[in-house]
Amino acid sequence: MKPGVLLKLAWLRFTSCSGCQLMLVNCESSLAPLANLVEIDTFPLVSSACGNSEIFDFALVEGALTTPGEIVRLLALRRKSRLLVAVGACALTGGVNALVNGDRSRALAAVYGDQGTQWDTFAPQPVDHFVKVDWRIPGCPPERHELLQSFASILHGGWPGRQVMAVCMECRSNENRCLLLEDQAPCLGPVTSAGCNAACPGQGVPCEGCRGMMPEANVAEMCALLMAAGLPEQAIRHRLERFGEARND
Amino acid sequence: MTRLIVDPLTRVEGHGRVELLLKDGRLEDVRVRLLESPRLFEALVVGHRYDEVPDLICRICAICSAVHKVTSLQALENAMCVIVPPLAAMLRELLVLGGHIQSHALHLFCLILPDLQGTPDVVALLRQGDPLAKAGLELKAFGNHIQQVAGGRVIHPINPVFGGVAYRPAADALGSLAEELSRWQRDWPELAASFLQAGNYPHAGPVLGSAVATGLSNIFSLGGGGLWVEGEGELPAASYAKLLMEQARADSYAKDAAGASGPFLTGALARARLSAQEGLAFGFPEDDTGIHANNAAQIREIGRALQRVAQLLDTLLATDNDEPLQSDRKQSLGGGSGTALMEAPRGLLVHHYVVDEWGTVVAADIVTPTAINQRVMAAQVLADLAGEEDPARLQDVTARIIRAYDPCISCAVHLVSIDRSPGEHAEGRSDGPEGVIGIKSSVF
């Protein structure tokens, strides 16, 4: 980056809870230094400044795609952005939105009545079904340090390093009690990508897998452990499917 | 008839737009459109076990995730006749108060303050070294610190679980909150001052809507209370559907036509008014500032929340370590239906579930504050700007009126009038003979 030149940022949100965007605003003490490095061009949650730049240095996307209008906006964003970062479980896999079982029109009718079935909406899709994604920040919600590290890396050119390991490893290095083996709690630490410093198991709450499955996760063994812990089959399926993965297995 | 469109609404949570309908150049009608894509939460929780549902349902909205999680737990616990132990109830209340402080501080210092200072966003204020923006963000961080300690995460908390809480926060974590709290009890008046000066807000017309809240709301009610409606007194919680839903549904595309007691106003100002009826004077010149008084009410609520946090921390630090965390009645649970009302930062939140005898959720209904306020927002814009001709003023004043309600459009999963057109934004779009002018800004 050139000194004194602010990087232009756009952040759009599609079908989601705003948690990924809120997590950036939750970096309260980092916002002032960030303000001297980044200029908001388009980020409706935070700013009234809107969409005047020809090109964005980087764009972030939160949320799954569920309407044709969202696809149009995503494609326009990709065209205008040098780098595009997908943030959070919804953008990466569809997230909890994708839990609607079976016929979507029936669910629409159940919630919104007859007019709901007329709406042009489809099952939630991840961002990379439509555009090239340059970097991914997982989690529901994402970790503050991962957002800030990604910003820092973009400012200096490049991407942060990423360790490929499971939440289990973080529990081991923190010497946490094993909730799965010792308490028979439905902890997904063995198959979930690390990076949160085992935030939930570290406080005695089993991992729900919000950061997504790590590559080559041993799902069969995970199921066997959950069955041994006494979880019924349907509860195991629901637990593994919560954040959009393993639904098609 | 010409349409003037304010789209997107900025510095509000979620996707929305306002359509101003002008006849002979004068404002004649207003439509508030909440454009969040349908997320179908009430359908997606069906078929899930009772103890999975709070983890899913808090994903409705990040800003309100604490109050959504606690309200859903209470409704499910009501359905299955489970009473949480006092320690767990206190920790849940502490979590919700942290959420209120965080949410109000976010709205006031990040979303409203730029209007008072004439900048597009808080980032510009920080670049200028604005001391109020900086201190406000620190207060917001304190709200998050409370949520972190009481809830285990600042978004989508993990500590509240069915029947109680998962763990008791360490005494030194509670102690660090108590230490930080003393700073905010000292500094709050200074932070509040500019939000309490009527002269800092635009002049606006009288506030519309019948105030509705739960409990007496001099502190944030943690449920158990009924439904309080201005001029009507207290109604039972289960009457929410009759009072709110049917009226709101009927007016989804309607222009005005207020029902017997609607449209309703919910949120900080509604709570302040209902509290005033109980002798707790609000003391803010509501008439001059109109709906912007809601922001003054929010900063007052931060002050009240800080007081309540102090009481809770004192009690929590004095409780015995062997106090139970969860109800012991978790075996042989029966089915049933349950409703819980709570005050979210933006107003009345209702969760209702039906659970079968195997513990599976078979029906869910959620009414959010912004769904309740949807109609009154449009009515207020029309009342304040009726006959106005200047397009720039129409757009600016509309944006500020809507922002004053602190709408949370992500939350409004239910009862919203969603535009069925695939092109969600006004650009290049034409429906019918109406012309579209003055698109303020477009996100592509």
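Residues numbered from 1 in each chain as written. Chains lettered and ligands numbered in written order. Predicted model: local features only at pLDDT ≥ 70, side-chain atom pairs only at ≥ 80, totals over all residues. Heavy atoms only, no water.

**Considerations on the overall build of chain A**
Regarding its fold elements, chain A presents 10 helices and five strands. For 249 residues, the compact-globule estimate of 2.2 N^0.38 gives 18 Å, and the C-alpha radius of gyration of chain A, at 20 Å, lies within 12% of that figure. Taken along its principal axes, the extent of the C-alpha atoms in chain A is 55 × 50 × 30 Å. For chain A, the proportion of its 249 residues judged to be buried stands at 57%. The long-range fraction of contacts in chain A, counting pairs at least 24 apart against all pairs at least 6 apart in sequence, stands at 72%. (Helix = DSSP H or I, 4+ residues; strand = E, 2+ residues; numbered from the N terminus. Rg over C-alpha atoms; globule rule 2.2 N^0.38 Å. Buried < 20%, exposed > 50% of the residue type's maximum accessible area, 1.4 Å probe, protein only. Contact = heavy atoms within 4.5 Å.)

**Comments concerning helix H6 (residues 131–151) of chain B**
For the α-helix, the turn length of 3.6 residues means that residues three or four positions removed from each other point alike. Residues and elements named next belong to chain B. Its 21 residues give H6 an end-to-end C-alpha distance of 30 Å, which sits within 8% of 30 Å, the value for a rise of 1.5 Å per residue. For H6, a buried count of 15 out of 21 residues is recorded, marking the element as mostly surrounded by other parts of the structure. Between the side-chain oxygen of the N-cap and the backbone nitrogen of Leu-132 there are 2.9 Å, and the N-cap of H6 in question is Asp-130. (Expected span 1.5 Å × (residues − 1). Polar contact = N/O pair within 3.5 Å; in protein donor to acceptor, adjacent residues only side chain to side chain.)

**Here we look at the sheet that holds strand S1 (residues 7–13) of chain A**
Residues and elements named next belong to chain A. Read from one edge of the open sheet, five strands run S2-S1-S3-S4-S5, paired in parallel fashion. This sheet does not close on itself; its edge strands, each paired only once, are strand S2 (38–42) and strand S5 (135–137). Averaged over all neighbouring strand pairs, the angle between strand axes comes to 30°, with direction disregarded. Relative to S5, strand S4 (residues 81–87) runs parallel, the two sharing three bridges. In the sheet register, Val-85 faces S5, and the bridge partner there is Trp-135. Its contacts with the sheet place helix H3 (residues 68–80) against S1, strand S3 (56–62) and S4, and it is angled at close to 130° to S4. (Pairing = 2+ DSSP bridges. Axes fitted to C-alpha atoms, helices over the stretch in contact; angles between N-to-C directions.)

**Some points on the interface of chain B and chain A**
Facing 64 residues of chain B, the contacting portion of chain A comprises 65 residues. Counting across the chain B and chain A interface gives four salt bridges. Linking A:Glu208 and B:Arg59 is a salt bridge whose minimum nitrogen-to-oxygen distance equals 3.0 Å. Our count for the contact surface shared by chain B and chain A stands at 25 residue pairs in polar contact (both at pLDDT 80 or more). The set of elements that each furnish at least two residues to the side of chain B that touches chain A consists of helix H1 (41–44), helix H2 (53–57), helix H4 (86–117), helix H5 (122–127) and H6 of chain B. Looking at which element gives the most residues to the side of chain B that touches chain A, the answer is H6(B), with five residues. (Salt bridge = Lys/Arg side-chain N within 4 Å of Asp/Glu carboxyl O.)

**Description of the side chain of B:Arg92**
Residue and element names in this part refer to chain B. On the secondary structure map, Arg-92 appears in helix H4. Judged by relative accessible area, which is 2%, Arg-92 ranks as buried. At 2.7 Å, the side chain of Arg-92 forms a polar contact with the side chain of Glu-77.

**Re the pairing of S1(A)**
As a general feature of sheets, a regular strand has side chains that alternate between the two faces. Residues and elements named next belong to chain A. Within S1, six of the seven residues are buried, leaving the element largely enclosed by the surrounding structure. Sheet analysis places S1 next to S2, joined by four bridges and oriented parallel. Bridging across to S2, Ala-10 finds its partner in Thr-42. Where S1 lies against S3, five bridges are found, and the strand directions are parallel. When the sheet's bridge partners are listed, Ala-10 is paired in S3 with Ala-59.

**Quick notes on the packing of aromatic side chains**
All names here are of chain A. Per the stated rule, a full pass over the model turns up five aromatic pairs over all chains. Measuring from ring centre to ring centre gives 5.3 Å for Trp-11 and Phe-43, while their planes differ by 35°; the resulting arrangement is tilted. In this pair, Trp-11 sits in strand S1 while Phe-43 sits in the loop between S2 and S3, placing the two residues 32 residues apart along the sequence. On the basis of relative accessibility, which here comes to 0%, the residue Trp-11 falls in the buried class. Between Arg-162 and the ring centre of Trp-135, over which it is positioned, the NZ or CZ distance is 4.5 Å. (Phe/Tyr/Trp six-rings, centres within 6.5 Å; stacked < 30°, edge-to-face > 60°. Lys NZ or Arg CZ within 6 Å of the ring centre and 35° of its normal.)

**Let's talk about the sheet that holds strand S7 (residues 227–229) of chain B**
Where strands meet in a sheet, backbone hydrogen bonds hold them as pairs that are either parallel or antiparallel. Residue and element names in this part refer to chain B. Taken together, four strands build an open sheet; the order of strands is S8-S7-S6-S9 and the sheet is mixed. Where the open sheet ends on each side, the last strands, each with one partner, are strand S8 (233–235) and strand S9 (264–265). Relative to S8, S7 runs antiparallel, the two being bridged by three bridges. The residue bridging Leu-227 from the neighbouring strand is Leu-235, located in S8.

**Side note on the pattern of salt bridges**
Residue and element names in this part refer to chain B. This model, assessed by the stated rule, comprises 36 salt bridges over all chains. For Asp-7, the salt bridge is made with Arg-17, and the minimal N-O distance between the two is 4.0 Å. Separated by 10 residues along the polypeptide, Asp-7 in the loop between strand S1 (2–6) and strand S2 (16–23) and Arg-17 in strand S2 bring together distant segments of the chain. An identical accessibility class is assigned to Asp-7 and Arg-17; each is buried.

**Describing unusual backbone geometry**
A cis geometry characterises the amide bond from A:Cys140 onward to A:Pro141, with omega recorded as 5°. Examined against the element boundaries, A:Pro141 turns out to sit in the loop between S5 and helix H6 (144–156). For B:Arg11, which is not glycine, the phi dihedral falls at a positive 50°. The topology assignment puts B:Arg11 in the loop between S1 and S2.

**Describing the layout of surface pockets**
All names here are of chain A. Taken as a whole, the second largest pocket holds about 600 Å³ of empty space. At the level of elements, helix H4 (88–93), S5 and H6 are the ones that each hand at least two residues to the lining of the second largest pocket. Ranked by residues supplied to the lining of the second largest pocket, first place goes to H6 with four residues. In terms of residue class, the lining of the second largest pocket is built from 13 nonpolar, 10 polar and six charged. Two domains each provide a minimum of three residues to the lining of the second largest pocket, namely domain 1 (7–155) and domain 2 (167–244). (1 Å grid on protein atoms, 1.4 Å probe; cavity = no way out; pocket = protein on both sides within 12 Å on 5 of 7 lines; lining within 4 Å. Points joined across faces, edges and corners; volume = space filled by probe spheres on them. Nonpolar A, V, L, I, M, F, W, Y, C, P; charged D, E, K, R; others polar. Domains from an automatic or database assignment.)

**Focus: the confidence of the model for chain A**
Looking at chain A as a whole, the pLDDT averages 90, with 94% of positions reaching at least 70. Model confidence for chain A, summarised as mean pLDDT per element, is weakest for helix H5 (residues 104–112) of chain A at 77 and strongest for S4(A) at 97. (pLDDT = per-residue confidence, 0-100.)

**Here's the deal with the side chain of A:His238**
Along the chain, the position of A:His238 falls in helix H10 (residues 233–241). Every residue in contact with A:His238, bar those within four places of it in the chain, is listed here: B:Gly47, B:His48 and B:Glu52.

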